[in-house]
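# Coordinate inspection notes
Each chain is listed here by its residues.
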Amino acid sequence: MEHLLTLEQLSKEEILDILNLADQLKFQKKNGIPHPILKGKTLGMIFQKSSTRTRVSFEVGMHELGGQALFLSSRDLQIGRGEPIQDTARVLSRYLDGIMIRTFAQKEVEDLAKYGSIPVINALTDYCHPCQVLADLMTIREFKGGFEGLKATFIGDGNNMANSIIVGCLRLGMKVSIASPKGYEVCKHIEDFANKEYPNMFEKTNDPFIAAKNADVIFTDVYASMGQENEANERLKAFKGFQVNKELMQIANEGCMVQHCLPAHREEEITNEVFEEHAAEIFEEAENRLHAQKAVLVKLMGPKE
């Protein structure tokens, strides 16, 4: 593993390897055991999309691993003034040990990896969100004890979260069902990946109640993601009925988990009642961003032995 650009690039074994290391790093943090594995290393963090969880978790993660993180907003970089990404990649590769980028276009992440000579981590693009889903998978295993035979359901926009959930959950042996309104379905590339590599394991529907039947974990996300604010009212109408609420939870399996990547718009994609009933799982998921990302940092920037 040279970079983390998408989850598709990782095998089942590689994902499990990251999750196992994340568990170990979480144990060490909880028990006050120092683990300065990246002492002397520097991570550049490029933000073209703002974030609470991504910035804090990566910055704290690097500190706990003995390294340091540099926050680089697009306003501070020449990328924001038209410098080609390939030039930025080659310059930063001479200063840093790794780059984390949170941006809009997947191509920017791919180009950073292509033209640079240091590891690149995709901390979110419009196409996928691998770091978040690694944290989600870590949380599912903590609460459910494993993956095989479980059913994961995603209710909402066929967005970057949906794309990565499909890949990650299928890779680890879970069935996946996605429910989105017409016109907001998951992209054809991911649908083709699911049907080709995991026949009979993937379901796409426009009915949230079909998707939620016998679910062991239900995911949701906001109706309008960052950059779609001007579509918010239109999406609010289109997504009517695509809410994780008490009625939906009643047709899922007993003990069904709920996961939300946050921030949540309560009473839109999820009711306050369901959110609070599953707050322990949702905030453990948020915490696990720290541990899962530390595992990725170690895998990419740590000693190769």
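These figures come from a predicted structure and were not determined experimentally. Per chain, residue numbering runs from 1 following the sequence as it is written. Side-chain atom pairs in this predicted model are given and counted only at pLDDT of 80 or more, local residue features only at pLDDT of at least 70, and totals for whole chains, interfaces and linings cover all residues. The side-chain values count all of the structure's non-hydrogen atoms but skip hydrogen atoms and water molecules.

Our focus in this paragraph is the packing of helix 1 (residues 12-30) against helix 5 (residues 130-144). Running from N to C, helix 1 and helix 5 point in directions that differ by 70°, and their axes come no closer than 10 Å. In terms of orientation, helix 1 and helix 5 fall into the roughly perpendicular class. Residues Ile15, Leu16, Ile18, Leu19, Asn20, Ala22, Asp23 and Lys26 of helix 1 form the contact with helix 5, whose participating residues are Leu134, Leu137, Met138, Arg141 and Glu142. Residues are grouped as follows: Ala, Val, Leu, Ile, Met, Phe, Trp, Tyr, Cys and Pro are nonpolar; Asp, Glu, Lys and Arg are charged; all remaining types, including Gly, are polar. Residues belonging to the contact of helix 1 with helix 5 are distributed by class as follows: 8 nonpolar, 1 polar and 4 charged. All axes are obtained by fitting lines to C-alpha atoms, using only the stretch in contact for helices, and the reported angles, taken between N-to-C directions, cover 0 to 180 degrees. The numbering of helices and of strands both runs from the N terminus, where a helix is a DSSP run of H or I of at least 4 residues and a strand a run of E of at least 2. Any angle between 65 and 115 degrees counts as roughly perpendicular, while under 35 counts as roughly parallel, over 145 as roughly antiparallel, and the rest as oblique. Contact criterion: two residues are considered in contact whenever any of their non-hydrogen atoms come within 4.5 Å of each other.

A separate point is the packing of aromatic side chains. Centres within 6.5 Å make a pair out of two Phe, Tyr or Trp rings, where for Trp the six-membered ring is used; the pair is then stacked when the planes are under 30 degrees apart, edge-to-face when over 60, and tilted otherwise. Under the criterion given, the structure shown has 6 aromatic pairs. An aromatic cluster is defined as three or more aromatic residues linked by ring pairs; in this entry it consists of Tyr184, Tyr223, Phe239 and Phe242.

What follows deals with the sheet that holds strand 1 (residues 42-47). The strand order across the open sheet formed by 4 strands is 2-1-3-4, and the pairing between neighbours is parallel. Two strands close off the open sheet at either side, each with one partner strand: strand 2 (68-73) and strand 4 (120-124). For this sheet, the mean inter-axis angle between neighbouring strands, taken without regard to orientation, is 20°. In this structure, strand 1 lies alongside strand 2, joined through 6 bridges in parallel fashion. Its bridge partner being in strand 2, Met45 is matched across the sheet by Phe71. Contacts between helix 4 (residues 106-115) and the sheet are confined to strand 1, strand 3 (98-102) and strand 4, with strand 4 contributing the most and set at about 165° to the helix. Here, strands pair whenever DSSP counts at least two bridges between them.

What follows deals with unusual backbone geometry. For the bond running from Leu262 to Pro263, omega is 0°, close enough to zero to count as cis. Here Pro263 is to be found in the loop between strand 9 (257-260) and helix 11 (272-277). One non-glycine residue, Asn200, lies in positive phi territory at about 70°. Within the element layout of this structure, Asn200 appears in the loop between helix 7 (188-197) and strand 7 (202-205).

Here Thr103 is to be found in the loop between strand 3 and helix 4. Residue contacts for Thr103: discarding those within four places in its chain leaves Gln48, Lys49, Glu108, Val109, Leu124, Thr125 and Asp126.

What follows concerns helix 5. With 15 residues, helix 5 ought to run about 21 Å at 1.5 Å a step, and its terminal C-alpha atoms sit 21 Å apart, in line with that. Three labels apply to residues, based on accessible area from a 1.4 Å probe with only protein chains included: buried if under 20% of the type maximum, exposed if over 50%, partly exposed otherwise in between. Counted residue by residue, helix 5 has 12 buried out of 15 residues, so it is predominantly covered. Within helix 5 the residues assigned to the buried category are Pro130, Cys131, Gln132, Val133, Leu134, Ala135, Asp136, Leu137, Met138, Thr139, Ile140 and Arg141. Where helix 5 terminates, the next one or two residues include Gly145, which has phi positive at roughly 85°. One less than the number of residues in a helix, times 1.5 Å, gives the span that helix is expected to have.

By the secondary structure assignment, Gln259 is in strand 9. By relative accessible area, which is 0% here, Gln259 ends up buried. Each polar contact in these results corresponds to two N or O atoms within 3.5 Å; when the atoms are within protein, one needs to be able to donate a hydrogen and the other to accept it, and residues that are neighboring in sequence are counted only if both atoms are side-chain atoms. Polar side-chain contacts of Gln259 include one of 3.3 Å to the backbone oxygen of Glu281. Sequence-distant contacts of Gln259, defined by excluding residues within four places in its chain, comprise Asp136, Thr139, Val217, Ile218, Phe219, Thr220, Glu281, Ile282 and Glu285.

Another point: helix 2 (residues 53-64). A rise of 1.5 Å per residue sets the reference length of helix 2, with its 12 residues, at 16 Å; its end C-alpha atoms lie 16 Å apart and thus fit the reference within 8%. Those residues of helix 2 lying buried are Thr54, Ser57, Phe58, Gly61, Met62 and Glu64. Seen end-on, helix 2 carries its buried residues on one side only, within an arc spanning 160°. Positive phi shows up at Gly66, right after helix 2, with a value of about 90°. For this quantity, the arc is that covered by the directions from the helix axis to the C-beta atoms.

The next point concerns the pattern of salt bridges. Every case where a carboxyl oxygen of Asp or Glu lies within 4 Å of a side-chain nitrogen of Lys or Arg is listed as a salt bridge. Considering all chains together, one arrives at 18 salt bridges under this definition. Across the salt bridge formed by Glu197 and Arg171, the nearest N and O atoms sit 3.2 Å from each other. Within this pair, whereas Glu197 is found in helix 7, its partner Arg171 is found in helix 6 (residues 160-171), the two being separated by 26 residues in sequence. We classify Glu197 as partly exposed; its relative accessible area is 45%. The closest approach of N and O atoms between Arg266 and Glu276, which form a salt bridge, is 2.6 Å.

A word on the nonpolar core. For the purposes of this section, nonpolar cores are sets of buried Ala, Val, Leu, Ile, Met, Phe, Trp, Tyr and Cys residues that join through side-chain atoms within 4.5 Å. Of all hydrophobic cores here, the largest spans 61 residues; its most connected members are Phe58, Ile121, Leu137, Ile140, Ile166 and Leu297. Those residues in contact with Ile166 that sit more than four places away from it in its chain are Val176, Ile178, Val186, Ile190, Ala194 and Phe202. Counting 21 residues, the second-largest nonpolar core is a separate cluster that includes Tyr223, Phe239, Ala252 and Leu262.

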